[in-house]
Amino acid sequence: MELAAAQREVEAISRVYARLHGIERTDDWLVLKLGEEVGELTRAYLAWSGRSRHEASSDESFAALRDEVADVLAHLLLVAERTGVDVDDALERKWFRWRHLVQDGDREVGAEPAP
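All residue numbers refer to positions counted from 1 along the written sequence of the respective chain. The predicted origin of the model limits local features to residues at a pLDDT of at least 70 and limits the giving and counting of side-chain atom pairs to 80 or more, whereas totals for whole chains, interfaces and linings rest on all residues. To obtain the side-chain values, all non-hydrogen atoms of the structure were included, while hydrogens and water were left out.

Peer 1: What exactly am I supposed to notice about the confidence of the model for the protein chain here?
Peer 2: The predicted coordinates should not be examined in detail at positions where pLDDT is low. A residue-level look at the protein chain finds 95% of positions with pLDDT of 70 or above and a mean pLDDT of 93. Confidence scores differ between elements of the protein chain, with helix H4 (residues 87–94) showing the lowest mean pLDDT of 95 and helix H2 (residues 27–48) the highest of 97. Confidence of the predictor at the level of single residues is captured by pLDDT, which takes values from 0 to 100. Here a strand is any run of E in DSSP of at least two residues, a helix any run of H or I of at least four, and the numbering for each starts at the N terminus.

Peer 1: I tried to follow the packing of helix H1 (residues 3–21) against H4 on my own but got confused; where do I start?
Peer 2: When two helices pack together, you describe them by how their axes are tilted relative to each other and by the distance separating the axes. Relative orientation of the contacting elements H1 and H4 amounts to 135°, with a least axis distance of 8 Å. In terms of orientation, H1 lies oblique with respect to H4. Judged by residue contacts, Leu3, Ala4 and Gln7 of H1 engage Val87, Asp88 and Leu91 from H4. Taken together, the residues of the contact of H1 with H4 break down into four nonpolar, one polar and one charged. Axis lines are fitted to C-alpha atoms, over the contacting stretch for helices. Their N-to-C directions set the angle, which ranges from 0 to 180 degrees. Should an angle fall under 35 degrees it is taken as roughly parallel, and over 145 as roughly antiparallel, whereas 65 to 115 is taken as roughly perpendicular and any remaining angle as oblique. Any two residues whose heavy atoms approach within 4.5 Å are treated as being in contact. The residue classification treats Ala, Val, Leu, Ile, Met, Phe, Trp, Tyr, Cys and Pro as nonpolar and Asp, Glu, Lys and Arg as charged. All others, Gly included, are polar.

Peer 1: Honestly, H1 in this entry has me stumped. Any pointers?
Peer 2: Three or four residues apart is the spacing at which side chains of an α-helix point the same way, because the helix has 3.6 residues per turn. Expected span, for any helix, means 1.5 Å times one less than how many residues it has. Its 19 residues give H1 an end-to-end C-alpha distance of 26 Å, which sits within 8% of 27 Å, the value for a rise of 1.5 Å per residue. Packing partners of the buried residues in H1 comprise helix H3 (58–83) and H4. Remark: Gly22 follows H1 within two positions and exhibits a positive phi of approximately 65°.

Peer 1: Teacher, can you tell me more about a nonpolar patch on the surface here?
Peer 2: Candidates for patches are residues over 30% relative accessible area with no salt bridge; among them, like charges are joined within 9 Å and nonpolar side chains (Val, Leu, Ile, Met, Phe, Trp, Tyr) within 5 Å. Each accessible area is a Shrake-Rupley estimate made with a 1.4 Å probe; only the visible protein chains count as cover when residues are assessed. Salt bridge criterion: a side-chain nitrogen from Lys or Arg within 4 Å of a carboxyl oxygen from Asp or Glu. A surface patch of nonpolar side chains, amounting to about 380 Å² of accessible area, comprises Tyr45, Leu46, Trp48 and Phe62. Here Phe62 is to be found in helix H3.

Peer 1: Help me understand the packing of aromatic side chains, please; the structure alone is not making it clear to me.
Peer 2: Two measures describe an aromatic ring pair: the distance that separates the ring centres and the angle between the ring planes. Classification of ring pairs uses Phe, Tyr and Trp, with its six-membered ring standing for Trp, and accepts pairs whose centres are within 6.5 Å; under 30 degrees between planes counts as stacked, over 60 as edge-to-face, and the remaining range as tilted. Throughout the structure, instances matching the rule amount to one aromatic pair. Here Tyr45 and Trp48 contribute two aromatic rings whose centre-to-centre distance is 5.9 Å and whose plane-to-plane angle is 45°, an arrangement assigned as tilted. Separated by three residues within a single helix, Tyr45 and Trp48 lie in helix H2, roughly one turn from each other.

Peer 1: Please explain the packing of H1 against H3 as it appears in this structure.
Peer 2: Remark: H1 packs on H3, axes separated minimally by 9 Å, with the N-to-C direction vectors making an angle of 95°. In terms of orientation, H1 and H3 fall into the roughly perpendicular class. Facing Ala6, Gln7, Val10, Glu11 and Ser14 of H1, the residues of H3 in contact are Ala74, Leu77, Leu78, Ala80 and Glu81. Considering only residue class, the contact of H1 with H3 consists of six nonpolar, two polar and two charged.

Peer 1: Sorry if this is basic, but what is going on with the pattern of salt bridges here?
Peer 2: A side chain with one charge can pair with a side chain of the opposite charge if their charged atoms come near. Using the criterion set out here, one finds eight salt bridges in the structure. Of the charged contacts in the structure, one is a salt bridge between Arg82 and Asp27, with a shortest N-O distance of 2.8 Å. Of the two residues, Arg82 sits in helix H3 while Asp27 sits in helix H2, which places them 55 residues apart along the sequence. Remark: exposure states derive from per-residue accessible area (1.4 Å probe, protein chains only) relative to the maximum for the residue type, with buried under 20%, exposed over 50%, and partly exposed in between. Accessibility expressed as a relative area gives 47% for Asp27, which makes it partly exposed. Note that Lys33 is salt-bridged to Glu37, the shortest N-O span being 3.6 Å. Linking Lys33 with Glu37, this pair stays in helix H2, spanning four residues, or about one helical turn. Each member of the pair, Lys33 as well as Glu37, carries the same accessibility label: buried. Each of Glu11, Arg15 and Arg25 takes part in salt bridges that share partners, so that together they form one network.

Given below as structure tokens:
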């Protein structure tokens, strides 16, 4: 799924969620909710990496991490949708302009940058 399509789908699902739970999806609510989800991602990451006082199996902690990554991404897409940010274009302008500097080893998972 392209980011623009994901953005539209997340927007529709968020409207359903708001309708079912009586939430007014204001600009402030969207940004504050994103902050809340980043905090939950941090908590899940700490548990997954073994640096939390909360014990969980590795499967449980990875599932929580995965779910929180999805929540953060979804809420970021909602903020982009509300503010009119074209995420594909924003990535192209901000990140992908550096493509020409990517070397073969940079595409390897866990690769460290060459000195």
